[in-house]
Amino acid sequence: MSKILLALLLVALTVGSAWTFWSGNWWFVHPISEHGPKVDDQFNRTLVVVGFAFITCQLALAWAVFRYGRKGNERSKYTHGNNKLEAVWTVITAVVFVVVAVYGQIVWAGIHLNQPSDAEATNIEVVAQQFQWNFHYPGADGVTGKTNTKFINDGSLNFVGVDPDDPNGKDDIQISTLVVPEKRPVALRIRSKDVIHSLFVPALRIKQDAVPGMNVRIHFKATEVGKYEIACAELCGSLHFNMKTFLLVLPQEDYDALTAMTPEKYKERLGQLMERYEVNSSKVIAAN
Ligand SMILES: [Cu+2]
């Protein structure tokens, strides 16, 4: 009797686990980058393969428990295995996983090997630190001021170390929100001041480590205006949990108007724009 219960429990656990995926109740936020749907397709391909293997194996296990479970005091049979069967399932598994990996490489290459040039892209410097994200924009002149670690001074809000003598840096903006225009190529250069952090923007399907001593360039095109969550995805210290902020995707004309403002006006206007959208969506919640 107990082996029947155990077999049923295995079936129930398998069906229950599969249902959590099938029901669609727990899923990613809607993708809002040009490459997002391709990442999701690759995720789904992988999920179908491993899901099929998981369900088949668990149901086979339930069957084995039910059919071959202990009946009395009979002795177990000893087997040396079957080389032909092992060769067959090893080859099938290898072929399936190589195909999945090749698809994955095609998606990866499509994203990483098609970098827009600096002239085409909206360029934003990202400087991570314990425990905040700093986004450094070139300001109205479109030229990012020089930075040097010796000018870093959190007390005077120069978090990224803009050179005070560089005229190009006078109108630069340092804020903790990532603001980008809709449907335009954006290039981020990601650095860290202290330990490893990781810029995670679920809606963009982007997760990139910020590594001290490295300057990592990533790019994307956001396809929907709105406000979306950003988190640090690398355990970076005691306040890691609090290292979160927002991505604000704006219509081109709003972005251009914002960029033309002085740093003070920029921050004031940004506050108003942040109020406009619901988190993780393009739904407008207030008219302004
Ligand atoms: Cu962090």
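All residue numbers refer to position in the chain's written sequence, counted from 1. Residue-level local features of this predicted model are given only where pLDDT is at least 70; pairs of side-chain atoms are given and counted only at 80 or more, and the full residue set underlies all totals for whole chains, interfaces and linings. Note that water and hydrogens are dropped before the side-chain values are worked out from all heavy atoms of the structure.

**Q** Let's hear about the packing of helix H2 (residues 36–68) against helix H3 (residues 83–112): which residues, and what values?
**A** For any two helices packed against each other, the geometry comes down to the angle between their axes and how far apart the axes lie. Simply put, an axis is a line fit to the C-alpha atoms, just over the touching stretch for a helix, and the angle between two N-to-C directions goes from 0 to 180 degrees. Think of it this way: any DSSP run of H or I at least four residues long counts as a helix, any run of E at least two long counts as a strand, and we number them from the N terminus. H3 packs onto H2 with a crossing angle of 170° between their chain directions and a minimal axis gap of 10 Å. Taken together, the axes of H2 and H3 lie roughly antiparallel to each other. Contacts between H2 and H3 involve Lys38, Val39, Gln42, Arg45, Thr46, Val49 and Val50 from the former and Val96, Phe97, Val100, Tyr103, Gly104, Val107 and Ile111 from the latter. Across the contact of H2 with H3, the residue classes break down as nine nonpolar, three polar and two charged. Note that the term roughly parallel is reserved for angles under 35 degrees, roughly antiparallel for angles over 145, roughly perpendicular for angles of 65 to 115, and oblique for everything else. Residue contacts are counted whenever heavy atoms from the two residues lie within 4.5 Å of one another. Gly falls in the polar group here, along with every residue not listed as nonpolar (Ala, Val, Leu, Ile, Met, Phe, Trp, Tyr, Cys, Pro) or charged (Asp, Glu, Lys, Arg).

**Q** Pulling in residues and values, what's your account of the environment of Ile55?
**A** Looking at the secondary structure, you find Ile55 in helix H2. Relative accessibility under 20% of the residue-type maximum defines a buried residue, over 50% an exposed one, and the middle range a partly exposed one, all with a 1.4 Å probe and only protein chains included. On the accessibility criterion, Ile55 (27% relative accessible area) is partly exposed. Along the backbone, Ile55 and Pro31 are 24 residues apart, and their C-alpha atoms lie at a distance of 28 Å. Ignoring any residue separated from it by four or fewer positions in sequence, one finds Ile55 in contact with Thr14 and Ala18.

**Q** Pulling in residues and values, what's your account of the coordination of the copper ion?
**A** In this listing, donors mean N, O and S atoms no farther than 2.8 Å from the metal, or 3.2 Å for Na, K and Ca; water is missing from the atoms, so a site can look incomplete. The copper ion binds to the protein through His197 (ND1), Cys232 (SG), Cys236 (SG) and Met243 (SD); the donor distances cover 2.1 to 2.6 Å. One can describe the donor arrangement at the copper ion as tetrahedral, given that its four donor atoms subtend angles of 90 to 125° at the metal. All donors of the copper ion belong to a single chain; written as a sequence motif, their spacing is H-x34-C-x3-C-x6-M. Linking His197 in strand E6 (residues 197–201) with Cys236 in the loop between strand E9 (226–232) and strand E10 (244–250), this pair joins segments that are 39 residues apart in sequence. Square planar and octahedral assignments, for four and six donors respectively, both demand that opposite donors be over 155 degrees apart and that all other angles lie between 65 and 115; tetrahedral needs four donors with all angles between 85 and 135 degrees, and anything else is irregular.

**Q** Tell me about helix H4 (residues 252–259), residues and numbers included.
**A** Three or four residues apart is the spacing at which side chains of an α-helix point the same way, because the helix has 3.6 residues per turn. What H4 keeps buried is the set Asp254, Tyr255 and Leu258. An end-on view of H4 places all buried positions within 100° of arc, on one side of the element. On its buried side, H4 packs onto strand E1 (122–129), strand E2 (132–137), strand E4 (178–181), E10 and helix H5 (263–276). Note that the arc is defined by the directions from the helix axis to the C-beta atoms.

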